[in-house]
Amino acid sequence: MWIPWRDTLRFALPGVLFLVAAYSVSEAVDPVYSEVHRRMEIFRERREEVEVVAVGNSHSLAIDFGVLGMPGFHLWQSGNDVFETAYFALHAAPQAPRLRYVLVSVSFASLRLDNTAVVSLDQTGRRREMYARTRSLRWIPGDGRHFVAGKVAPVVRPDHWLGVVARALGMQAEAVRVGRDGAIPMIPRPLPSPDSLTRHAAARLAQSAALTGESLRRTPDLVARTTAELDRLARTLAKRGVQVVLYTPPYFHAFVDGQDPAMVEEARRELEAFERRHANAVWLDYSTHPEFTHRPEYLRDSDHLNAAGARVFSALLRECLRALPERPRACGSPPGERFARRSPSSHGPLTRRAAGPIPAALPAVRRAPRTGISGESAPGEVEVGGKVRSAGGS
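Residues numbered from 1 in each chain as written. Predicted model: local features only at pLDDT ≥ 70, side-chain atom pairs only at ≥ 80, totals over all residues. Heavy atoms only, no water.

Let us look at empty space enclosed by the protein. Following the criterion strictly, the structure yields 3 cavities of 30 Å³ or more and no others. In this model, the second largest cavity occupies a volume close to 70 Å³. If you go around the second largest cavity, you meet 12 residues; those closest to its centre are Asp 81, Val 82, Thr 85, Ser 105 and Ser 110. Among the secondary structure elements, those contributing two or more residues to the lining of the second largest cavity are α4 (82-92) and β3 (101-105). Of the residues that constitute the lining of the second largest cavity, the class distribution is 5 nonpolar, 6 polar and 1 charged. (1 Å grid on protein atoms, 1.4 Å probe; cavity = no way out; pocket = protein on both sides within 12 Å on 5 of 7 lines; lining within 4 Å. Points joined across faces, edges and corners; volume = space filled by probe spheres on them. Helix = DSSP H or I, 4+ residues; strand = E, 2+ residues; numbered from the N terminus. Nonpolar A, V, L, I, M, F, W, Y, C, P; charged D, E, K, R; others polar.)

Below you can see the structure in the form of structure tokens.
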């Protein structure tokens, strides 16, 4: 008697066994997206002790968990959009029983970015990394093909298996160094000059305008979708008693002055409304904090803090976290007063009322060993396993 499924099984079984073997070899010898792979391994090892996670884009370099004084972990990815940010946060929360805070870095452009809508660059690679290295079987609506591509990435490798061959022959660069807090070391570089920061700001603003412009052209309702995703994040984490802390870190003054006033006003309006909708959420805006905007010694480039700047900023943030749900003046100006145009009729630079000085005497904190960010990097770059990758966030 002919039984069709037996022939199907006889034909398919060798292929399935081959794929399983290829997957196992790939993951054992040279895991694809090795830096994210190692980061997620460390997070799973430390998840029982983690009280705060940092998600979002590369502006999360502003966070130094040693200064914050809480066991924390970096789960941000360079250039992440709001959807990817929420995905990482919601993936981590159920695994971390002591989680108290989710720190979300947001820029004025964050609500206008969707990496899957950008076709001029391969921004979707971030989605494939995310799905490849998280064990979740959930995907962002409309992301089916990126989800599948991420899950089969250890077999259909972006490096065409060259990494596995090089590792097997002992030719591979040293393994990626990921800190115990999930941070990736930065390329050392000299402190930037004001002129180089101004040039960097112009380049970053142009890049951001191109990415957000393309995103909005392809997804006209994008701002409504990103704010809805933030709402979903806050609602879900509220059930776990987790505080959502959105923050905009300090920038060099030229980066703020060059922002599109309409975009800044839109972000301010939407993020303040987000605060009002959720008792467990807050937006802290430090973008023009006077202790940073004209201080190159605290900046890696025009929109990222260096290690010294991260320590100073994290001391400020620590005091704010201790005060929540109250908001001391040092945590930012009251809602509606954060920005003011220099001239009501102009479309020139934006200024912000001073958020208050750094506290004169901060309580002493025993610093944890720095195994994450070390040194500085060239503008917009991060070194991973001997390779240089973009570290720019929008």
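Take the sheet that holds β3 next. Strand order in the open sheet formed by 5 strands is β2-β1-β3-β4-β5, with parallel pairing between adjacent strands. Unpaired on one side and paired on the other, β2 (72-74) and β5 (281-285) mark the two borders of the sheet. Sheet twist, expressed as the average angle between the axes of neighbouring strands with direction ignored, equals 20°. Packed on one face of the sheet, α4 meets β1 (52-56) and β3 and runs near 160° to β1. Strand contacts of helix α11 (residues 261-277): β4 (243-248) and β5, with the helix running at about 145° to β5, the strand carrying the most contacts. (Pairing = 2+ DSSP bridges. Axes fitted to C-alpha atoms, helices over the stretch in contact; angles between N-to-C directions. Contact = heavy atoms within 4.5 Å.)

Here we take up the environment of Asn 306. Relative to the assigned elements, Asn 306 resides in the loop between β7 (304-305) and α12 (307-323). Asn 306 sits in the buried class, given a relative accessible area of 3%. (Buried < 20%, exposed > 50% of the residue type's maximum accessible area, 1.4 Å probe, protein only.)

A separate point is the confidence of the model for the protein chain. Averaged over every residue, the pLDDT of the protein chain is 82; residues scoring 70 or more account for 80%. Across the protein chain, the element-wise mean pLDDT spans from 34 in strand β10 (residues 381-384) up to 98 in β3. Counting contacts from residues 333-392, a segment whose pLDDT is below 50, to residues more than four positions away or on other chains yields 163 contacts. (pLDDT = per-residue confidence, 0-100.)

Looking now at α11. Between the first and last C-alpha of α11 there are 24 Å, a value that for 17 residues agrees with the 24 Å anticipated at 1.5 Å per step. Among the residues of α11, the N-terminal cap falls to Asp 260, whose side-chain oxygen and the backbone nitrogen of Ala 262 are separated by 3.1 Å. (Expected span 1.5 Å × (residues − 1). Polar contact = N/O pair within 3.5 Å; in protein donor to acceptor, adjacent residues only side chain to side chain.)

Take the packing of α4 against helix α5 (residues 125-133) next. Packed helix pairs are characterised by how far apart their axes lie and by the angle those axes make with each other. At a closest axis distance of 11 Å, the pairing of α4 and α5 adopts a crossing angle of 10°. Overall, the two elements α4 and α5 adopt an arrangement that is roughly parallel. Here α4 contributes Phe 83, Glu 84, Tyr 87 and Phe 88 to the contact with α5, which in turn contributes Arg 126, Arg 127, Met 130 and Tyr 131. Tallied by class, residues from the contact of α4 with α5 come to 5 nonpolar, no polar and 3 charged. (Parallel < 35°, antiparallel > 145°, perpendicular 65-115°, else oblique.)

Scanning the model with the defined rule gives 9 aromatic pairs in all. Ring geometry for Tyr 286 and Phe 313: centres 5.0 Å apart, planes at 85°, overall edge-to-face. Remark: Phe 313 occurs in helix α12 and Tyr 286 occurs in the loop between β5 and β6 (299-301); sequence separation between them is 27 residues. Assigned by exposure class, Tyr 286 and Phe 313 land together as buried. Taken together, the ring pairs connect Tyr 87, Tyr 131, Trp 139 and Phe 147 into an aromatic cluster. Directly above the ring of Trp 161 sits Arg 157, whose terminal nitrogen or CZ lies 5.9 Å from the centroid. (Phe/Tyr/Trp six-rings, centres within 6.5 Å; stacked < 30°, edge-to-face > 60°. Lys NZ or Arg CZ within 6 Å of the ring centre and 35° of its normal.)

Moving on: unusual backbone geometry. Its identity is not glycine, yet Tyr 33 carries a phi of approximately 50°, on the positive side. Among the secondary structure elements, Tyr 33 is positioned in the loop between α1 (4-29) and α2 (34-46). One non-glycine residue, Trp 161, lies in the positive phi region at around 75°. The topology assignment puts Trp 161 in the loop between α6 (144-151) and α7 (162-168). Residue class for Trp 161 comes out partly exposed when judged on its relative accessible area of 25%.

Right, let's talk about the environment of Thr 124 for a bit. Within the secondary structure layout, Thr 124 lies in the loop between β3 and α5. In this structure, the C-alpha to C-alpha distance between Thr 124 and His 146, residues 22 residues apart in sequence, is 7.5 Å. Among residues more than four places away in sequence, those in contact with Thr 124 are Asn 115, Thr 116 and His 146. A polar contact is formed between the side chain of Thr 124 and the side chain of Asp 122, at a distance of 2.8 Å.

Quick look at the side chain of Glu 266 now. Inspection of the secondary structure puts Glu 266 in helix α11. You can call Glu 266 buried: its relative accessible area is 15%. Among all residues touching Glu 266, those that are not within four sequence positions of it are Arg 112 and Val 223.

The next subject is the pairing of β4. Most of β4 is tucked away, with 6 of its 6 residues classed as buried. Side chains of β4 alternate between two faces, with Gln 243, Val 245 and Tyr 247 and Val 244, Leu 246 and Thr 248 buried alike. Pairing geometry for β3 and β4, over 5 bridges, is parallel. Residue pairing for β4: Val 102 is matched across the bridge by Val 244. Sheet topology note: the β4/β5 ladder contains 5 bridges and is parallel. Looking across to β5, one finds that Thr 248 is bridged to Asp 285.

Among the nonpolar cores identified, the biggest contains 43 residues, and Val 53, Val 102 and Leu 246 are the most heavily contacted of them. For this core, the leading source of residues is α4, giving 8 residues. Leaving out residues up to four positions away in the same chain, Val 102 has contacts with Val 53, Val 55, Ala 89, Leu 237, Val 242, Gln 243, Val 244 and Val 245. Met 70, Trp 76, Val 256 and Leu 305 belong to the second-largest nonpolar core, a separate cluster that totals 42 residues. (Core = buried A, V, L, I, M, F, W, Y, C linked by side-chain atoms within 4.5 Å.)

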